[in-house]
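Single-letter residue listing:
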Amino acid sequence: MGEKMSLHTSPEVVVQRQLEAYNSKNMDAWLATYAADAKQFELGGALLAEGHTAIRARTESRFTEDHLQARLIRREVFGSVVVDHEDVTRTIEGQAMRIELVCVYQVENGLIQTASFSMGPLMRSLID
């Protein structure tokens, strides 16, 4: 996507594109929704990753998981901030596991600048 086009993309569209790329396990499309110097945090502060290289390293292995799927439960948009409540299924130690999380995205100029995550408890999925 060209830079001029991305400047006119709403925060909600950017975050939805990110979710779709995540679910299709398309790392390049997923990273393209993030600014080159984007940061990921635990909600409340701790830095998890900064920049495409670190974000890719933090996330790449999960894109090989058999059960990876994020289901949007609810989305709220407040200007440039998008808050998603998701139910994510992951493969952990060979088993499908679920975790609910809240993701808070700050979107500027058509790209995610920061993403903060609050994760609930890990639960066994009914997929197996």
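Conventions adopted
- Residues numbered from 1 in each chain as written.
- Predicted model: local features only at pLDDT ≥ 70, side-chain atom pairs only at ≥ 80, totals over all residues.
- Heavy atoms only, no water.
- Helix = DSSP H or I, 4+ residues; strand = E, 2+ residues; numbered from the N terminus.
- Buried < 20%, exposed > 50% of the residue type's maximum accessible area, 1.4 Å probe, protein only.
- Expected span 1.5 Å × (residues − 1).
- Arc of directions from axis to C-beta.
- Contact = heavy atoms within 4.5 Å.
- pLDDT = per-residue confidence, 0-100.
- Core = buried A, V, L, I, M, F, W, Y, C linked by side-chain atoms within 4.5 Å.
- Polar contact = N/O pair within 3.5 Å; in protein donor to acceptor, adjacent residues only side chain to side chain.

(A) Structural detail: the environment of Thr89. Within the secondary structure layout, Thr89 lies in strand β4 (residues 81-92). Relative accessible area serves as the criterion here: at 9%, Thr89 is assigned to the buried category.

(B) Spatial organisation of helix α2 (residues 11-23). Compared with an ideal rise of 1.5 Å per residue, which puts 13 residues at 18 Å, α2 spans 19 Å between its outermost C-alpha atoms and is within 8% of the ideal. Considered for burial, the residues of α2 that qualify are Pro11, Val14, Val15, Gln18, Leu19, Ala21 and Tyr22. Taken around the axis of α2, the buried residues stretch over an arc of 165°, which confines them to a single face. Next to the buried residues of α2 lie α3 (27-31), β1 (34-42), β3 (69-78), β4, β5 (95-108) and β6 (111-124).

(C) Layout of helix α4 (residues 51-59). Among the residues making up α4, those that are buried are Gly51, Ile55 and Thr59. Relative to the axis of α4, the buried residues are bounded by an arc of 85° and lie together on one face. Opposite its buried face, α4 presents the exposed residues Thr53 and Ala57, each directed more than 90 degrees away. Looking at the packing, one finds that the buried side of α4 touches α3, β1 and β2 (47-50).

(D) Summary view of the confidence of the model for the chain. Per-residue pLDDT for the chain has a mean of 91; in total, 91% of the residues score no lower than 70. Ranking the elements of the chain by mean pLDDT puts helix α1 (residues 3-6) last, at 44, and β1 first, at 98. Across residues 1-6, where pLDDT falls below 50, the model places 6 contacts with residues more than four positions away in sequence or in other chains.

(E) Region of the structure containing the nonpolar core. Within the largest apolar cluster, 27 residues are counted, with the highest numbers of intra-cluster contacts made by Tyr22, Trp30, Tyr34, Ile55, Tyr105, Ile112 and Phe117. For this core, the elements supplying multiple residues, two or more each, are α2, α3, β1, β4, β5 and β6. Residues in contact with Ile55, not counting those within four places in the same chain, are Trp30, Leu31, Tyr34, Ala38, Gln40 and Ala49.

(F) Region of the structure containing the side chain of Gln18. Mapped onto the fold, Gln18 is located in helix α2. Looking at Gln18, the relative accessible area reads 4%, which means it is buried. Within the structure, the side chain of Gln18 is placed 3.2 Å from the backbone oxygen of Val15, a separation counted as a polar contact. Here Tyr105 takes part through its side chain, which lies 3.5 Å from a polar atom of the side chain of Gln18. Ignoring sequence-local partners within four residues, the contact set of Gln18 consists of Trp30, Thr33, Tyr34, Tyr105 and Ile112.

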